[in-house]
Amino acid sequence: YEKYVTVKTIEMLPKKFIYFPLQVTPESSINNLEPYFVDQLRAIDLLLMNITPDIKVVVKEHPIFAGERSEKFYKILSCNLRIYLLLLLFLYYL
């Protein structure tokens, strides 16, 4: 996870962004109601398709789920220039 982090300080945040906190997987509050969003990458893609290109998506891993996702998950996120991966403990200090 840490090697894909692109935002470590407030100054590194994009000017316009939407904050997207990842959930643990599986998550009963989203899996049963909306199975399309079991894969959170789909939710992020849908978000990106519905916002203007000047708005970025800042993604933060769930604190208790750090290290549980595959490296492929973070690689997919890091390939999109509109997605910024936040340092795990970053928002605790804002």
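Residues numbered from 1 in each chain as written. Predicted model: local features only at pLDDT ≥ 70, side-chain atom pairs only at ≥ 80, totals over all residues. Heavy atoms only, no water.

Draft legend 1. Structural view of the nonpolar core. Phe20, Ile44, Val59 and Leu77 are the most contacted members of the largest nonpolar core, which totals 16 residues. Mapped by element, the contributors of at least two residues to this core are α2 (40–49), β2 (56–60), α3 (71–78) and β3 (83–85). It is α2 that contributes the most residues to this core, four residues altogether. The residues touching Val59, leaving out its near neighbours within four places in the chain, are Phe20, Leu22, Ile44, Leu77, Ile83, Tyr84, Leu85 and Leu86. (Core = buried A, V, L, I, M, F, W, Y, C linked by side-chain atoms within 4.5 Å. Buried < 20%, exposed > 50% of the residue type's maximum accessible area, 1.4 Å probe, protein only. Helix = DSSP H or I, 4+ residues; strand = E, 2+ residues; numbered from the N terminus. Contact = heavy atoms within 4.5 Å.)

Draft legend 2. Expanded view of the side chain of Arg82. Looking at the element boundaries, Arg82 is found in the loop between α3 and β3. Buried charged residue Arg82 carries no salt bridge. Nearest counter-charge: Asp54, at 6.7 Å. A polar contact of 3.3 Å, which involves the side chain of Arg82, links it to the backbone oxygen of Leu48. If near-sequence neighbours (up to four positions away) are discounted, Arg82 is found in contact with Leu48, Ile51, Thr52, Pro53, Ile55, Lys56 and Val57. (Lys, Arg positive; Asp, Glu negative; His and termini not counted. Salt bridge = Lys/Arg side-chain N within 4 Å of Asp/Glu carboxyl O. Polar contact = N/O pair within 3.5 Å; in protein donor to acceptor, adjacent residues only side chain to side chain.)

Draft legend 3. Inspection of the pairing of β2 at higher detail. The buried count for β2 comes to five of five residues, which makes it a mostly enclosed element. Of the strand pairs in this sheet, strand β1 (residues 17–21) and β2 are connected by five bridges, and their pairing is parallel. Along β2, the bridge assignment pairs Tyr19 with Val58. Of the strand pairs in this sheet, β2 and β3 are connected by three bridges, and their pairing is parallel. Residue pairing for β3: Val58 is matched across the bridge by Tyr84. Taken together, β2, α3 and β3 constitute a β-α-β crossover, and its handedness is right-handed. (Pairing = 2+ DSSP bridges. Right-handed = clockwise from strand over helix to strand, strands pointing away.)

Draft legend 4. Structural context of the sheet that holds β3. One open sheet holds the three strands; their spatial order is β1-β2-β3, and the pairing between them is parallel. Sheet topology places β1 and β3 at the edges, where each strand pairs with a single neighbour. Strand-to-strand, the axes of this sheet are offset by a mean angle of 25 degrees, without reference to chain direction. Where α2 meets the sheet, it contacts β1, β2 and β3, and its direction lies at approximately 165 degrees from that of β1. (Axes fitted to C-alpha atoms, helices over the stretch in contact; angles between N-to-C directions.)

Draft legend 5. View of the pattern of salt bridges. For the coordinates displayed, the defined rule picks out two salt bridges. Lys16 is the partner of Asp54 in a salt bridge, and the nearest nitrogen-oxygen pair spans 2.5 Å. Taken together, the positions of Asp54 in the loop between α2 and β2 and Lys16 in the segment before β1 put the pair 38 residues apart, joining distant regions of the chain. For Asp54, a relative accessible area of 39% gives the class partly exposed. Ionic pairing is found between Arg69 and Glu61, a salt bridge with its closest N-O pair at 2.7 Å.

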